Amino acid sequence: MTDPHDRSTSRRRFLALAGSAAATTALAGCSGGGGDGGENGSGGDNASGGEATEGADTTAGDQATTSGGTEGGESTETEAGNESGDGSGTGGFGVTITQGQPPSTLDPQNHRETPTDNVVLHAYEGVLARDAEGKIIQKLATDYERVEEGRVRFTLQEGVTFHNGDDLTPEDVAFSINRIVKEDVGFTSPQADQLAGVTGAEVVDGERAVDVMSDGFNPIVFASFATYCDVMQQSWVEERSGEEIAQNMNGTGPFQLESYEQGVRVVLSRYEDYWREPADISQLTFNAAQESSTRVNQLLEGETDVAVNVPPQDAQRVRSSNSAGLSAVPSTRVIYNAMRYDVEPFSSPQFRRAMNYAVNLSGIVENVLSGFADPTGQPTLEGFFGYNGDVDPYPQDQAQAESLVEESGFAGAEITLHTPVGRYLKDVEIAQAVVSQIDSLSNVSCGISQREFTSLAGELTDGDITTGPDFYLIGWGNATFDASQTIIPLLTSDGALTSYSNEELDSLVADAQSTSDEDQRESLLQEANALINEQAPWIFLNRQYSVYGVSNRVEWSARRDERINAYAMGETS
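Rules behind the numbers
Residues numbered from 1 in each chain as written. Predicted model: local features only at pLDDT ≥ 70, side-chain atom pairs only at ≥ 80, totals over all residues. Heavy atoms only, no water. Buried < 20%, exposed > 50% of the residue type's maximum accessible area, 1.4 Å probe, protein only. Helix = DSSP H or I, 4+ residues; strand = E, 2+ residues; numbered from the N terminus. Contact = heavy atoms within 4.5 Å. Axes fitted to C-alpha atoms, helices over the stretch in contact; angles between N-to-C directions. Parallel < 35°, antiparallel > 145°, perpendicular 65-115°, else oblique. Left-handed = near helix turned anticlockwise from the far one by under 90°. Nonpolar A, V, L, I, M, F, W, Y, C, P; charged D, E, K, R; others polar. 1 Å grid on protein atoms, 1.4 Å probe; cavity = no way out; pocket = protein on both sides within 12 Å on 5 of 7 lines; lining within 4 Å. Points joined across faces, edges and corners; volume = space filled by probe spheres on them. Phe/Tyr/Trp six-rings, centres within 6.5 Å; stacked < 30°, edge-to-face > 60°. Lys NZ or Arg CZ within 6 Å of the ring centre and 35° of its normal. Salt bridge = Lys/Arg side-chain N within 4 Å of Asp/Glu carboxyl O. pLDDT = per-residue confidence, 0-100. Pairing = 2+ DSSP bridges.

### Points about helix H13 (residues 361-368)
Along H13, the positions that sit buried rather than exposed are Leu 361, Gly 363, Ile 364, Val 365 and Val 368. Structurally, H13 contributes buried residues whose contacts are with strand S13 (373-375), helix H15 (427-439) and strand S17 (538-551). Where H13 ends, the next residue or the one after it, Ser 370, has phi of about 50°, a positive value.

### Quick look at the packing of helix H12 (residues 349-358) against helix H14 (residues 398-408)
Between H12 and H14, the least distance of the axes is 8 Å, while the angle of their chain directions is 165°. Between H12 and H14, the crossing angle belongs to the class labelled roughly antiparallel. The element H12 and its partner H14 pack so that their crossing is left-handed. Side by side, H12 and H14 meet where Gln 350, Phe 351, Arg 353, Ala 354, Met 355, Tyr 357 and Ala 358 of the first sit next to Gln 398, Gln 400, Ala 401, Leu 404, Val 405, Glu 407 and Ser 408 of the second. In terms of residue class, the contact of H12 with H14 is made up of eight nonpolar, four polar and two charged.

### Side note on the layout of surface pockets
Its boundaries defined by the atoms lining it, the largest pocket holds a volume of some 580 Å³. Taken together, 27 residues form the lining of the largest pocket, with Asp 193, Ala 196, Gly 197, Ile 488 and Asp 494 sitting closest to its centre. Among the elements that make up the lining of the largest pocket, the one with the highest residue count is helix H18 (residues 503-514) (five residues). Grouping the constituent residues of the lining of the largest pocket by class yields ten nonpolar, eleven polar and six charged.

### Some details on empty space enclosed by the protein
Taken as a whole and judged by the stated rule, the model has five cavities of 30 Å³ or more. The computed volume of the largest cavity comes to approximately 560 Å³. Lining of the largest cavity is provided by 33 residues; of these, Arg 112, Glu 113, Thr 114, Gln 194 and Gly 477 occupy positions nearest its centre. Listing elements by their share of the lining of the largest cavity, those giving two or more residues are helix H5 (114-120), strand S12 (324-339), helix H16 (453-460) and strand S16 (471-477). At five residues, the largest contribution of residues to the lining of the largest cavity is made by S16. Along the lines of polarity and charge, the residues of the lining of the largest cavity split into 14 nonpolar, ten polar and nine charged.

### As for the packing of aromatic side chains
Taken as a whole and assessed by the stated rule, the structure comprises 17 aromatic pairs. Between Tyr 394 and Phe 540 the ring centres are 6.4 Å apart and the planes differ by 10°, which places this aromatic pair in the stacked class. Here the residue Tyr 394 occupies a position in the loop between S13 and H14, and Phe 540 occupies one in strand S17, the gap between them amounting to 146 residues. Assessed through its relative accessible area of 12%, Tyr 394 is described here as buried. The exposure class assigned to Phe 540 is buried, which follows from its relative accessible area of 3%. Sitting above the plane of the Trp 275 ring, Arg 276 keeps its charged end 5.4 Å from the centroid. It is Arg 423 that lies over the ring of Phe 453; its NZ or CZ is 5.5 Å from the centre.

### Description of the pattern of salt bridges
Here the structure, examined in full by the defined rule, presents 22 salt bridges. When the shortest N-O distance is used, the salt bridge between Glu 239 and Arg 240 registers 3.8 Å. One connected set of salt bridges, linked through shared partners, spans Glu 148, Arg 151, Arg 153, Glu 202, Glu 207 and Asp 211.

### Some thoughts on the confidence of the model for the chain
Any region with low pLDDT has predicted coordinates that should not be read closely. For the chain, per-residue confidence averages 85 on the pLDDT scale, and 84% of positions sit at 70 or higher. The low-confidence segment residues 1-87, where pLDDT is below 50, has 253 contacts with residues more than four positions distant or belonging to other chains.

### A closer look at the sheet that holds strand S7 (residues 209-214)
Spatially, S4-S5-S7-S6 is the arrangement adopted by the four strands of the open sheet, whose pairing is antiparallel. Since the sheet does not close on itself, it has two edges, and those belong to strand S4 (141-148) and strand S6 (198-203), each with one partner. Averaged over all neighbouring strand pairs, the angle between strand axes comes to 20°, with direction disregarded. In this structure, S4 lies alongside strand S5 (residues 151-156), joined through six bridges in antiparallel fashion. The partner of Ala 141 across the bridge, within S5, is Leu 156. Lying on the sheet, helix H6 (residues 170-181) is in contact with S5, S6 and S7; it crosses S6 at an angle near 160°.

### Some details on the environment of Leu 404
Counting through the fold element by element, Leu 404 comes out in helix H14. A relative accessible area of 7% places Leu 404 in the buried class. Considered as a pair, Leu 404 and Pro 349 are 55 residues apart in the sequence and their alpha carbons are 9.2 Å apart. Leaving out residues up to four positions away in the same chain, Leu 404 has contacts with Gln 350, Arg 353, Ala 354 and Tyr 357.

Put into structure tokens, the structure is as follows:
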């Protein structure tokens, strides 16, 4: 019998996990994909078998198809069409969403955080997008094609307007792409590596289209544009300072900015002239509460409609409230402890491997996360293109860990793990478990430093490895379902947020990004994942599950890519 509070199959699994340790053990082993890398190879439309069905576009498709938006799976579906019907709202229906963190900015091209993305995506749109299952769909583009190696073309929708009433032009799209990838177009965007390989864009003469150029064959160009690059109006941006852009919005999306109280609240209202059907929601409010208990209390007291990261111990409380339910899915986010390669003792591969052997990862998954996670042993999640099925998580072996510490020459090391508070599901509790287990080694002392997420993230995203902590817990979401979009930014020598450098790894990834042979590319990325496991630049932790508390007055189900798309929400009838 279907529980009326269950909003997805995965949520039922979560409830079972939260309620029974035995069930936890049994069910956790069945989760997290387990597929074949997608039907089309490079991410594929179905990133894995089983639960994981998100996908990216395909290198095979890129090679074989040159027109009609068929690379990576042509689709004319809209997000609303996939998730909640036609979105033809006209009445008053307000919804409030409470995240763990407020947005750091309203500039859609000047951040790297999911909480910020979840706000700005309602006002700004890209040329492509993904539906709830992860399939690439057209958004501001009606068509996309590979014209030649190093050049793809997007043909644009007619009748799209910005919130100020001005029409969307190809010049706006080309400007938006160049603002991200070219430092001389306004500012240095922290999102440049999200459009990996893209060198610029230009308007196609005589056509309502934009050409995007890459440095050689770009196997993931459509996957990247399906996830990244919000379109902004060129004149609106150029007439404003960076501070003004950070506190105002003018996109083409279904909601427009009504008010913004920095660090506290963002209020959006339905854009009645939206180029698709107007949203069901008339007013959309984003709040933030760092403590998960506060978010749950707000949900149960009717102060919010969607609360992110509901911890397992509160699942039953939400479920029994008769006013809310849960929606939960395995996400595309990996949680890990980075160890900077350029500082001692983490400069030693032996020491880094020792830290992995010191941690009881299976115990953290079962006891801290109540089974609501999957252990990892590589940066690429199961179901992603390039995942290496022969690489296992490190087992706990404290004798081996102590031996490796001695071998590294850093016996007696004193280290501190920096962790955000409230950004990820049970982040502090995970960090405390890691610290305790490392500190139990006879030859290493380990402490913890709890940090504000925005402060820690700022140190990690400034492009300077030396400003970040030596040792930190962080999470990384990769909505392209391709290994490269985790490895390149986080682990290659020139990665925007890297903590690591290894010439062999750089070479493997460079070769993978330059080949048009799908099988070869997959093999290279799998080899890269094996090397990363062996070199252990991270303590590999867990795949996070996204768990939302949802008011019974709202119809909505969680997505694997952590996007909270209010356009897909409807009022419960």
